[in-house]
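What the coordinates show
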Amino acid sequence: MILTVTLNPAVDKTYTTGSLILGQVNRLETTQNIAGGKGVNVAKILRQCGYPVTTCGLLGGYTGLFIEDYMNSIGADCRFTRVAGETRSNINVLAKDGYVTELLEPGPEVSDEELEIFVKGYEEAITRCELIVLSGSIARGIRSDIYKRLIKLANDNQKICILDTSAEALRCGIEAHPYMIKPNQKELEYLVGHKLTDIEDVADAAGKLCEEGIAKVVVSMGSKGLLSVSREGALWAKAPSVKAVNTVGCGDSVVASYAMSMLEGEDDFSSLKRAAATAASSASTFQSGEISLRLSKELLDKVQIEKRK
Ligand SMILES: Nc1ncnc2c1ncn2[C@@H]1O[C@H](COP(=O)(O)OP(=O)(O)O)[C@@H](O)[C@H]1O
Ligand SMILES: O=P(O)(O)OC[C@H]1O[C@](O)(COP(=O)(O)O)[C@@H](O)[C@@H]1O
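About the cut-offs
Residues numbered from 1 in each chain as written. Chains lettered and ligands numbered in written order. Predicted model: local features only at pLDDT ≥ 70, side-chain atom pairs only at ≥ 80, totals over all residues. Heavy atoms only, no water. UniProt positions renumbered as here; feature names shortened; annotations may be inferred. Helix = DSSP H or I, 4+ residues; strand = E, 2+ residues; numbered from the N terminus. Polar contact = N/O pair within 3.5 Å; in protein donor to acceptor, adjacent residues only side chain to side chain. Contact = heavy atoms within 4.5 Å. Near = heavy atom within 4 Å. Nonpolar A, V, L, I, M, F, W, Y, C, P; charged D, E, K, R; others polar. Phe/Tyr/Trp six-rings, centres within 6.5 Å; stacked < 30°, edge-to-face > 60°. Lys NZ or Arg CZ within 6 Å of the ring centre and 35° of its normal. Core = buried A, V, L, I, M, F, W, Y, C linked by side-chain atoms within 4.5 Å. Buried < 20%, exposed > 50% of the residue type's maximum accessible area, 1.4 Å probe, protein only. Domains from an automatic or database assignment. Salt bridge = Lys/Arg side-chain N within 4 Å of Asp/Glu carboxyl O. Axes fitted to C-alpha atoms, helices over the stretch in contact; angles between N-to-C directions. Parallel < 35°, antiparallel > 145°, perpendicular 65-115°, else oblique. Left-handed = near helix turned anticlockwise from the far one by under 90°. 1 Å grid on protein atoms, 1.4 Å probe; cavity = no way out; pocket = protein on both sides within 12 Å on 5 of 7 lines; lining within 4 Å. Points joined across faces, edges and corners; volume = space filled by probe spheres on them.

We now examine the UniProt feature "domain: Carbohydrate kinase PfkB" (unreviewed entry) in the chain. UniProt tags residues 20-288 as "domain: Carbohydrate kinase PfkB" (unreviewed entry). In residues 20-288, helix accounts for 41% and strand for 22%; the two terminal C-alpha atoms are 19 Å from one another.

Note on placement: Ser296 falls in helix H10 (residues 293-300). A polar side-chain atom of Ser296 sits 3.1 Å from a polar atom in the side chain of Ser281. Residues in contact with Ser296, not counting those within four places in the same chain, are Ala277, Thr278, Ser281 and Ile291.

In this section: the site of ligand 1. Taken together, 17 residues sit near ligand 1, with Lys182, Asn184, Ser220, Gly222 and Gly225 positioned nearest. Between ligand 1 and Asn184, the relevant distance is 2.9 Å, taken from an oxygen atom to a side-chain nitrogen or oxygen of the residue. Within the residue set of the shell around ligand 1, elements represented by two or more residues are helix H8 (250-264) and helix H9 (268-283). Ranked by the residues each element gives to the shell around ligand 1, the list is headed by H8, at three residues. Split into classes, the residues belonging to the shell around ligand 1 amount to ten nonpolar, six polar and one charged.

Turning next to the packing of aromatic side chains. One pass over the structure, following the stated rule, counts one aromatic pair. The ring centre of Trp236 lies 5.0 Å from the NZ or CZ of Lys238, which sits over that ring.

Among the nonpolar cores identified, the biggest contains 50 residues, and Val5, Phe118, Tyr122, Leu134 and Leu150 are the most heavily contacted of them. Broken down by element, the residue count for this core peaks at seven residues, all from helix H7 (residues 199-211). Here this core gathers at least three residues from each of two domains, domain 1 (1-178) and domain 2 (182-309). In contact with Leu150, not counting residues within four places along its chain, are Val5, Leu7, Phe118, Val119, Tyr122 and Leu134. Listed in part, the 41 residues of the second largest apolar core include Val53, Val133, Leu226 and Ala276.

In this section: the pattern of salt bridges. Taken as a whole and assessed by the stated rule, the structure comprises 16 salt bridges. Residues Glu68 and Arg82 are paired through a salt bridge, measuring 3.3 Å at the closest nitrogen-oxygen approach. Linking Glu68 in helix H2 (residues 61-73) with Arg82 in strand E5 (residues 77-82), this pair joins segments that are 14 residues apart in sequence. Notably, a salt bridge pairs Glu200 with Arg308, separated by 3.0 Å at the nearest N-O pair. Taken together, the residues Glu200 in helix H7 and Arg308 in the segment after strand E14 (305-307) connect sequence positions 108 residues apart. Taking the relative accessible area as the measure of exposure, Glu200 reaches 35% and is therefore partly exposed. Among the charged side chains, a salt-bridge network with shared partners connects Glu200, Lys238, Glu306 and Arg308.

Attention now goes to the packing of helix H6 (residues 185-192) against H7. Their axes nearest at 11 Å, the elements H6 and H7 cross at an angle of 60°. The angle between H6 and H7 places the two elements in the oblique class. The handedness of the crossing between H6 and H7 is left-handed. Contact residues: Gln185, Leu188, Leu191 and Val192 in H6; Val202, Ala205, Ala206 and Leu209 in H7. Residues belonging to the contact of H6 with H7 are distributed by class as follows: seven nonpolar, one polar and no charged.

With that settled, the discussion passes to the site of ligand 2. Taken together, 15 residues surround ligand 2, and among them Asp12, Asn90, Ser137, Gly249 and Asp252 come closest. Of all the elements in the fold, those that place two or more residues in the shell around ligand 2 are helix H1 (38-48), strand E6 (88-95) and H8. Ranked by residues supplied to the shell around ligand 2, first place goes to H8 with three residues. Tallied by class, residues from the shell around ligand 2 come to three nonpolar, eight polar and four charged.

What follows is about the layout of surface pockets. Approximately 230 Å³ is the volume found for the second largest pocket. Along the wall of the second largest pocket there are 13 residues; nearest its centre are Arg274, Thr278, Ser296, Lys297 and Leu300. When contributions to the lining of the second largest pocket are tallied by element, the ones reaching two or more residues are H9 and H10. Here the lining of the second largest pocket takes five residues from H9, the largest share from any one element. Its residues assigned to classes, the lining of the second largest pocket comprises six nonpolar, three polar and four charged.

Have a look at this one:
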């Protein structure tokens, strides 16, 4: 069983338009509300692939109910903690000119009491799971060392953790040595404190994190693909070429793919190949946090992997 944690889920209000112009009236063509947030998306993909999944985190208000209903409908074991504030709605604008614009709300204020109720449930849930995925930003009121605390609890129970977050929550979280992290290039730049200009730079920065005790650092680089770095070296998967429809949730599909590979005992090479195929399949699907199973399979043989170090 895989447990996904989403401390700041979101309804992804997904709009399509010709192009989005700042400072002007923009009339949108279509709109769809999609249950989202990083751990929610990971759980959605795992369910699509037939994996049992427990999903927990913080949900509040009507938007929270919308997400919980959806997760129940796909057969996820929902263990969310209710909070008084309303779960956020994020805006994703998919424009025909190719630009994807995301407007992300900060999320509700969460009290210490609410968080402690969540942590109690989490401590119970980790005992029944083999792998824990902790994903996304944290809602207001939650200290940035929350992932460090949650990963320590998992480590104490000999459970493997994947962490996919940003900013200070990421910086503090890695102090607890999760097994794997999946920063995108910007998140890695935040950690190292400077711009990374090429693949070598990215591989060096990821390599330093491995030396600090993270077994696997998988850096997502949009249409440039994925770089997997461990003490054994660095492998670069070029992103297979697809017609991108919605790239929101691609990072989450990488995490979901790695979670499955870990449970199946796949090696670095096969895991990376699968993740690049899954993520490209996610990019070509309108619904964020969804893939075409057929396309993922087809793309698997098309992923090119290059050894970098
Ligand atoms: N246009 C695309 N075509 C093919 N694959 C893509 C495309 N955009 C993203 N991907 C795949 O999805 C992965 C995650 O996307 P990325 O945007 O880097 O993550 P995040 O959403 O976490 O920032 C990429 O590393 C790549 O493998
Ligand atoms: O938790 P954050 O970092 O605020 O991001 C939330 C957003 O990220 C998503 O999970 C998509 O993430 P990725 O594009 O990184 O896979 C959306 O569903 C959600 O709106």
